[in-house]
Amino acid sequence: DIVYLDSHFVPKEQAKISVFDRGFLFADAVYEVTAVIDGQLIDFNGHFQRLQRSCKELGLSLPITKELLVDVHHELIEKNNLHEGLIYLQITRGADSSRFFDFPSSSVPSTIVAFVQHSTVVNHPNAKKGISVISVEDIRWQRCDIKTVALLAACLAKHHAHQQGADDAILIKDGYITEGSSSNFFIVNRDNEIITRPLSQDILPGITRQAIIQLAQEEGLKITERRFTLDEAKKAKEAFISSATTLIWPVISIDNEDINQGAVGHLSQRLRDIYLDKALKK
Ligand code: PLP
């Protein structure tokens, strides 16, 4: 594979960054993951806007224009012959051997890395069969709205889930579900009302989440942004997670309790189909 590192495209074995990079030492870095289907970027504008926002919130100046970033993404698709998968992009506050916690001088250049991941997006088996999740306490910090690479709490949550034989974890804060370990979380109640937690510093403003809200409204479906408890989720008619990596994956059990008798929900399936349809037509 060819990766992008600081204005150069190089074979992945040759892409090296400093041990003093602040992304490595302090998780002082932001990232984005964009899905690629049929060689096309999905919802790139949304991902770019969120990247701009993440940088702004951390006082990190975005060192690359949108046009250049689009070119980088397209070149990675081309050079790696990526038909379907993901593009990972990370920007760090650069390398500074003093290891001072405070920001380095503005003359220290940021580090930009991007690479492709070949993976199945459209016909992923989890989309058809659904996934099982367990609930774990949300032990993350108070700015989960910023997409930083400080992902240890998410790694632990995912690890616990896998250890218990589940596919993923959903996170609980003060008795209410915030989101998935690397996704947003939705339920559908008995009145076919789709419910997801409102945006705040407690969750990541998912680009897929936003697209789902918009298309649900366009389809005349009832969608509400409000908090809900773990108990309400377990009693829901359907549940699903959303992210660029998964698009929509139905959730068929929570803490070993079946949702929809362990079958993929009708509305979850329909939303995924419509989302894919719209994304590919853009
Ligand atoms: N929430 C968290 C914690 C995530 O890590 C992610 C994506 O990785 C999402 C939500 C979904 O965001 P998006 O739809 O932009 O991929």
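Now for a look at the structure at hand.

1. Remarks on the site of the ligand
Then step 1. Around the ligand sit 17 residues, and of these Arg50, Glu179, Ile207, Thr208 and Ala244 come closest.
Then step 2. At 3.4 Å from a nitrogen atom of the ligand is found a main-chain nitrogen or oxygen belonging to Ser183.
Then step 3. Thr208 has a polar side-chain atom sitting 2.6 Å from an oxygen atom of the ligand.
Then step 4. When isolated, the ligand has an accessible area of 380 Å², and the protein chains bury 93% of it.
Then step 5. Where the shell around the ligand is concerned, the elements lending two or more residues are helix H2 (44–57), helix H6 (207–218) and strand E13 (238–243).
Then step 6. Residue assignment places the shell around the ligand across two domains, with domain 1 (2–118) and domain 2 (125–281) each supplying three or more.

2. Quick notes on the packing of H2 against helix H3 (residues 66–79)
Then step 1. In the contact formed by H2 and H3, the axes pass within 12 Å of each other and the chain directions differ by 125 degrees. In terms of orientation, H2 and H3 fall into the oblique class. Crossing handedness for the pair H2 and H3: right-handed. Along its contact with H2, which presents Phe44, Asn45, Phe48 and Leu51, the element H3 presents Lys66, Leu69, Val70 and His73.
Then step 2. Per-class residue counts for the contact of H2 with H3 are five nonpolar, two polar and one charged.

3. Overview of the sheet that holds strand E3 (residues 29–37)
Then step 1. One open sheet accounts for six strands, arranged E2-E1-E6-E5-E3-E4; its pairing is antiparallel. Of all the strands in the sheet, just strand E2 (8–11) and strand E4 (40–41) have a single pairing partner and so form its edges.
Then step 2. Relative to strand E6 (residues 111–118), strand E5 (residues 85–92) runs antiparallel, the two sharing eight bridges. The residue of E6 that forms the bridge with Leu86 is Gln117.
Then step 3. Contacts from H2 reach E3, E4 and E5, with the element oriented near 180 degrees to E3.

4. As for empty space enclosed by the protein
Then step 1. Applying the stated criterion across every chain yields a total of one cavity of 30 Å³ or more.
Then step 2. Volume-wise, the largest cavity comes out at about 30 Å³.
Then step 3. Glu32, Thr34, Phe44, His47, Phe48, Leu51, Leu69, His73 and Leu89 are the residues that line the largest cavity.
Then step 4. If you list the elements that add at least two residues to the lining of the largest cavity, you get E3, H2 and H3.
Then step 5. No other element matches H2, which puts four residues into the lining of the largest cavity.

5. Digging into the pattern of salt bridges
Then step 1. Following the criterion strictly, the structure yields 21 salt bridges and no others.
Then step 2. In this structure, Glu32 engages Arg50 in a salt bridge whose closest nitrogen and oxygen atoms are separated by 2.7 Å. A residue pair is termed long-range when its members are at least 10 positions apart, and Glu32 in strand E3 and Arg50 in helix H2 qualify at 18 residues.
Then step 3. For Arg50, a relative accessible area of 7% puts it in the buried group.
Then step 4. Across the salt bridge formed by Arg197 and Asp202, the nearest N and O atoms sit 2.9 Å from each other. Taken individually, Arg197 and Asp202 each receive the classification buried, so the pair is uniform in this respect.
Then step 5. Counted as one network, the salt bridges with shared partners bring together Arg53, Glu57, Arg143 and Asp145.

6. Details of the packing of aromatic side chains
Then step 1. For the structure on display, the rule yields six aromatic pairs.
Then step 2. On the numbers, 5.1 Å between centres and 65 degrees between planes, the contact of Phe26 with Phe101 is edge-to-face. In this pair, Phe26 sits in helix H1 (residues 22–26) while Phe101 sits in the loop between E5 and E6, placing the two residues 75 residues apart along the sequence.
Then step 3. Classification of Phe26 by relative accessible area gives partly exposed; the value is 24%.
Then step 4. Each member of the aromatic cluster is reached from another via a ring pair, and the members are Tyr31, Tyr88 and Phe115.
Then step 5. Of note, Arg93 hangs over the ring of Phe103, and the distance from its end group to the ring centre comes to 3.4 Å.

Reading the values: the criteria
Residues numbered from 1 in each chain as written. Predicted model: local features only at pLDDT ≥ 70, side-chain atom pairs only at ≥ 80, totals over all residues. Heavy atoms only, no water. Near = heavy atom within 4 Å. Polar contact = N/O pair within 3.5 Å; in protein donor to acceptor, adjacent residues only side chain to side chain. Areas by Shrake-Rupley, 256 points an atom, 1.4 Å probe, with all protein chains shown as cover. Helix = DSSP H or I, 4+ residues; strand = E, 2+ residues; numbered from the N terminus. Domains from an automatic or database assignment. Axes fitted to C-alpha atoms, helices over the stretch in contact; angles between N-to-C directions. Parallel < 35°, antiparallel > 145°, perpendicular 65-115°, else oblique. Left-handed = near helix turned anticlockwise from the far one by under 90°. Contact = heavy atoms within 4.5 Å. Nonpolar A, V, L, I, M, F, W, Y, C, P; charged D, E, K, R; others polar. Pairing = 2+ DSSP bridges. 1 Å grid on protein atoms, 1.4 Å probe; cavity = no way out; pocket = protein on both sides within 12 Å on 5 of 7 lines; lining within 4 Å. Points joined across faces, edges and corners; volume = space filled by probe spheres on them. Salt bridge = Lys/Arg side-chain N within 4 Å of Asp/Glu carboxyl O. Buried < 20%, exposed > 50% of the residue type's maximum accessible area, 1.4 Å probe, protein only. Phe/Tyr/Trp six-rings, centres within 6.5 Å; stacked < 30°, edge-to-face > 60°. Lys NZ or Arg CZ within 6 Å of the ring centre and 35° of its normal.

The values reported here are purely geometric and, on their own, carry no functional implication.
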